[in-house]
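If you want the building blocks of each chain, they are given just below.
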Amino acid sequence: QQQVKQSPQSLIVQKGGISIINCAYENTAFDYFPWYQQFPGKGPALLIAIRPDVSEKKEGRFTISFNKSAKQFSLHIMDSQPGDSATYFCAASYSGGSNYKLTFGKGTLLTVNP
Amino acid sequence: GAGVSQTPSNKVTEKGKYVELRCDPISGHTALYWYRQSLGQGPEFLIYFQGTGAADDSGLPNDRFFAVRPEGSVSTLKIQRTERGDSAVYLCASSLGLAARSETQYFGPGTRLLVL
């Protein structure tokens, strides 16, 4: 059972455009939703995270939109740059358990053309 | 070091052999996680340590996999009788943990394991 579903699998955007990646989760106990960026040969790096008490969080060109009733959240990258080309993972965790282990989506390969 | 480090960065072994993968977490981080990332997939949770104890090993695929963290810092993931299906990138992450109510996990670069 895939608890976090991510789409699209791959995305091509022109420089300056908006990149949008979507995720849906099933476990209503999840209460922490981070996005990670991963470059080839590197480990995932935290980009931005949100909790369900807010509907949107913005950090620079990166925005998370969160819809608790629909159990969906999305990452928007404004003014996309070639340097943003990487694989993006959404994830979720539950703070009420014994630890904060993350459940990841399958990833989206973003290519930003110059 | 400033971040999570993992050694070796690459490991090639033969089917049936034993391997050890090492993780050095960020200094002061009490929580340590191991994940496995197969090609084209997201990381999958294996095991979690809070201090020296394995508080959650529910992600370990079978009893060939074992991990230790004897002094609450460095951790070693051990795989016995390796199989070709064990080939993947093994990622380690650390965080300040439950006491700090911090969910933010910092990942290392991973160890790429190839079982021939």
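As a reminder, the structure under discussion sits directly above these lines.
Residues numbered from 1 in each chain as written. Chains lettered and ligands numbered in written order. Predicted model: local features only at pLDDT ≥ 70, side-chain atom pairs only at ≥ 80, totals over all residues. Heavy atoms only, no water.

Participant: Explanation requested: the sheet that holds strand β8 (residues 72–77) of chain A in the structure shown.
Facilitator: By way of backbone hydrogen bonds, the strands of a sheet pair with one another, either parallel or antiparallel. Residues and elements named next belong to chain A. Here we have five strands laid out as an open sheet, ordered β1-β3-β8-β7-β6, and antiparallel in their pairing. Because the sheet does not close on itself, it has two edges, and the strands there are β1 (4–7) and β6 (56–59). The sheet shows a mean angle of 15° between the axes of neighbouring strands, direction not considered. Where β6 and strand β7 (residues 62–67) come together, four bridges link them in antiparallel fashion. Bridging across to β7, Glu56 finds its partner in Ser65. (Pairing = 2+ DSSP bridges. Helix = DSSP H or I, 4+ residues; strand = E, 2+ residues; numbered from the N terminus. Axes fitted to C-alpha atoms, helices over the stretch in contact; angles between N-to-C directions.)

Participant: Quick question: what am I supposed to make of the state of the cysteines here?
Facilitator: Here a disulfide denotes a covalent bond joining the sulfur atom of one cysteine to the sulfur atom of another. Evaluated as defined, the whole model comprises two disulfides over all chains. A sulfur-sulfur distance of 1.8 Å marks the disulfide that ties Cys23 of chain A to Cys90 of chain A. Here the S-S torsion is close to -90°, and the disulfide linking Cys23 of chain A with Cys90 of chain A is therefore left-handed. With Cys23 of chain A in strand β3 (residues 19–25) and Cys90 of chain A in strand β9 (residues 86–92), the pair connects residues that are 67 residues apart, well separated along the chain. The two residues Cys23 of chain A and Cys90 of chain A agree in class, both being buried. Linked covalently through their sulfurs, Cys23 of chain B and Cys92 of chain B form a disulfide whose S-S length is 1.9 Å. (Disulfide = S-S within 2.5 Å. Buried < 20%, exposed > 50% of the residue type's maximum accessible area, 1.4 Å probe, protein only.)

Participant: Hey, could you run me through the layout of surface pockets in this one?
Facilitator: The gaps left among the atoms become clear once a water-sized probe is rolled over them. Here the second largest pocket is characterised by a volume of approximately 410 Å³. If you go around the second largest pocket, you meet 20 residues; those closest to its centre are Gln38 of chain A together with Gln37, Ser38, Leu39 and Gly40 of chain B. Among the elements of the structure, β9 and β11 (108–113) of chain A together with β9 (88–95) of chain B are those that each provide at least two residues to the lining of the second largest pocket. Counted by class, the lining of the second largest pocket contains seven nonpolar, ten polar and three charged residues. (1 Å grid on protein atoms, 1.4 Å probe; cavity = no way out; pocket = protein on both sides within 12 Å on 5 of 7 lines; lining within 4 Å. Points joined across faces, edges and corners; volume = space filled by probe spheres on them. Nonpolar A, V, L, I, M, F, W, Y, C, P; charged D, E, K, R; others polar.)

Participant: Can you help me understand the interface of chain A and chain B in this one?
Facilitator: One frequent convention defines the size of an interface as the accessible area lost when the parts assemble. Each partner contributes to the interface: chain A provides 20 residues, whereas chain B provides 23 residues. Across the interface of chain A and chain B, roughly 1800 Å² is buried in total on both sides, 53% from carbon and sulfur atoms. Residue Lys101 of chain A is joined to Asp56 of chain B by a salt bridge in which the shortest nitrogen-to-oxygen separation is 2.9 Å. Linking chain A with chain B are eight residue pairs in polar contact (both at pLDDT 80 or more), by the criterion used here. (Contact = heavy atoms within 4.5 Å. Buried area = accessible area lost by both parts, 1.4 Å probe. Salt bridge = Lys/Arg side-chain N within 4 Å of Asp/Glu carboxyl O. Polar contact = N/O pair within 3.5 Å; in protein donor to acceptor, adjacent residues only side chain to side chain.)

Participant: Can you help me understand the pairing of strand β4 (residues 33–38) of chain A in this one?
Facilitator: Within a regular strand, side chains alternate between the sheet's two faces. Residues and elements named next belong to chain A. With six of six residues buried, β4 is to be regarded as a mostly interior element. Residues Phe33, Trp35 and Gln37 of β4 are buried on one face, and the alternating residues Pro34, Tyr36 and Gln38, pointing to the opposite face, are buried as well. The antiparallel hairpin formed by β4 and strand β5 (residues 45–50) contains six residues in its connecting segment, where Gly41 sits at a positive phi of about 80°. Sheet topology note: the β4/β9 ladder contains four bridges and is antiparallel. Bridged to Tyr36 within β9 is Phe89.

Participant: Looking at this structure, I do not really get a nonpolar patch on the surface. What am I missing?
Facilitator: Residues and elements named next belong to chain A. A cluster of nonpolar side chains, namely Ile18, Ile20 and Met78, defines an oily patch on the protein surface of about 240 Å² accessible area. Tracing the chain through its elements places Ile20 in strand β3. With relative accessibility at 36%, the residue Ile20 sits in the partly exposed group. (Patch = residues over 30% accessible without salt bridge, like charges linked within 9 Å, V, L, I, M, F, W, Y side chains within 5 Å. Areas by Shrake-Rupley, 256 points an atom, 1.4 Å probe, with all protein chains shown as cover.)

Participant: Explanation requested: the nonpolar core in the structure shown.
Facilitator: A general feature of soluble globular proteins is that nonpolar side chains tend to end up buried together. Phe33, Trp35, Phe73, Leu75 and Tyr88 of chain A are the most contacted members of the largest nonpolar core, which has 24 residues in total. Put simply, the parts of the chain that give this core at least two residues each are β2 (10–14), β3, β4, β5, β7, β8, β9 and β11 of chain A. A per-element tally of this core places β9 of chain A first, with four residues. Sequence-distant contacts of Tyr88 of chain A, that is, excluding residues within four places in its chain, are made with Gln6, Ile21, Tyr36, Gln37, Leu47, Leu75, Ile77, Gly107, Thr108 and Leu110 of chain A. By size, the runner-up hydrophobic cluster in this structure holds 20 residues, among which are Ile26, Trp34, Leu60 and Val115 of chain B. (Core = buried A, V, L, I, M, F, W, Y, C linked by side-chain atoms within 4.5 Å.)

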